[in-house]
Each structure stands twice: as structure tokens, then as C-alpha cells.
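Summary of the model geometry
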Amino acid sequence: MTTAARPTPAHMPRRRPTPATADTPTLDSRPAHRQPWERAILASSLPGNHRFVAIALATHADGRGHIARQPRVIGLVHATGLHVRQVHVALATLIDRGFLRRPPADSPIDNVDLVLTLPPGALARARRAHQAAL
């Protein structure tokens, strides 16, 4: 008896951000504050390496979420100990999920200035997770 092959993450459909409405903040809004952003990252369903890269990136941000000295990909590789490709995938996922924004959207990820942003609903999920932990 042969069983069907189990699906892998590569077989899963890509997650698209929900379209913005009038009462929903857009991804082009002001940068997210660092502490709520970190809570949203930790409460997210992102894989561990992605959260690790996100928190390493957040250490370079000030309290308002501005990253004055961008660590770039090579800086994140040194800070996390992950492989270059793992950091690239993590950053691409964070951008795709709306946690990061790169101002020129078509610029290469190696030399772009990143901005911390909160996708719609992420802050509410982080608050619920924080309240449940108390």
C-alpha cells in the first residue's frame, strides 16, 4: 500500500497581505515603534530563523522604529550566525508579510534601507498574546 506524498512548505500557497481599507493602516504608513513591533514578531507564526533575523534587525532600531545604521545582509549574517541565503529568505518573508518595507520596492535586498512596519492585525494579535501570557 502506497501513501500519498506529504506536502512540504514549498507546496503551500503564498500568503498575500489583505487589501487595505479606509480604516486599516497601509504598509506605507509611519514606521512602527520598536517594542510593539517586537511583540508582533514574537507573537507571529513566522519560523524561528525569521523571528531571529527580525529581532536582530530590531536591535539596530531606535524606540520609534527608525534604523539609522542599517546592518545590511552581511551584518545580519554576522549578528545571527545564519547563512546568507537564510537571511535573504527571512528578509523576503518579512517584507512579504508586511513587517518590513523597503522604500524603493524593486531595489535589491542587499543594499536597501529597511523600515519596520506593522501589518494590519499584527498589533491586535500581539496584544492578545501578551494578555494571555499575563
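Residues numbered from 1 in each chain as written. Predicted model: local features only at pLDDT ≥ 70, side-chain atom pairs only at ≥ 80, totals over all residues. Heavy atoms only, no water.

What about the overall build of the protein?
- Of regular secondary structure, the protein possesses five helices and two strands.
- If you list the helices and strands of the protein from N to C, you get α-α-α-α-β-β-α.
- Evaluated residue by residue, the protein yields a buried proportion of 33% over its 134 residues.
- Partitioning the contacts of the protein with sequence separation of at least 6, the portion at a separation of at least 24 is 58%.
- Carbon together with sulfur atoms contributes 56% to the accessible area of the protein, which is approximately 8800 Å² in total. (Helix = DSSP H or I, 4+ residues; strand = E, 2+ residues; numbered from the N terminus. Buried < 20%, exposed > 50% of the residue type's maximum accessible area, 1.4 Å probe, protein only. Contact = heavy atoms within 4.5 Å. Areas by Shrake-Rupley, 256 points an atom, 1.4 Å probe, with all protein chains shown as cover.)

A short note on unusual backbone geometry
- If you check the backbone angles, Arg72 has positive phi at about 60 degrees while not being a glycine.
- Mapped onto the elements, Arg72 comes out in helix H3 (residues 72-80).

Examining the confidence of the model for the protein
- With 80% of its residues at a pLDDT of at least 70, the protein reaches an overall mean of 79.
- No element of the protein has a lower mean pLDDT than helix H5 (residues 122-133), which averages 75, and none a higher one than helix H2 (residues 48-58), which averages 93.
- Confidence drops under pLDDT 50 across residues 22-29; counting only partners more than four residues distant or on other chains, this segment forms ten contacts. (pLDDT = per-residue confidence, 0-100.)

Some details on the nonpolar core
- Core analysis: the largest hydrophobic core is formed by 29 residues, its most contacted members being Trp37, Val87, Leu91, Phe99 and Leu100.
- Taken together, the elements giving at least two residues each to this core come down to helix H1 (34-43), H2, H3, helix H4 (84-97) and H5.
- Per-element tally for this core: the top contributor is H2, with five residues.
- In this structure Leu100 touches Trp37, Leu57, Leu91, Leu94, Ile95, Leu114, Val115, Leu116 and Thr117, once residues within four positions along its chain are discounted. (Core = buried A, V, L, I, M, F, W, Y, C linked by side-chain atoms within 4.5 Å.)

Observations concerning the side chain of Gln70
- Mapping Gln70 onto the fold places it in the loop between H2 and H3.
- The exposure class assigned to Gln70 is buried, which follows from its relative accessible area of 17%.
- Once residues lying within four places of it in the same chain are set aside, the contact partners of Gln70 are Val112, Asp113 and Leu114.

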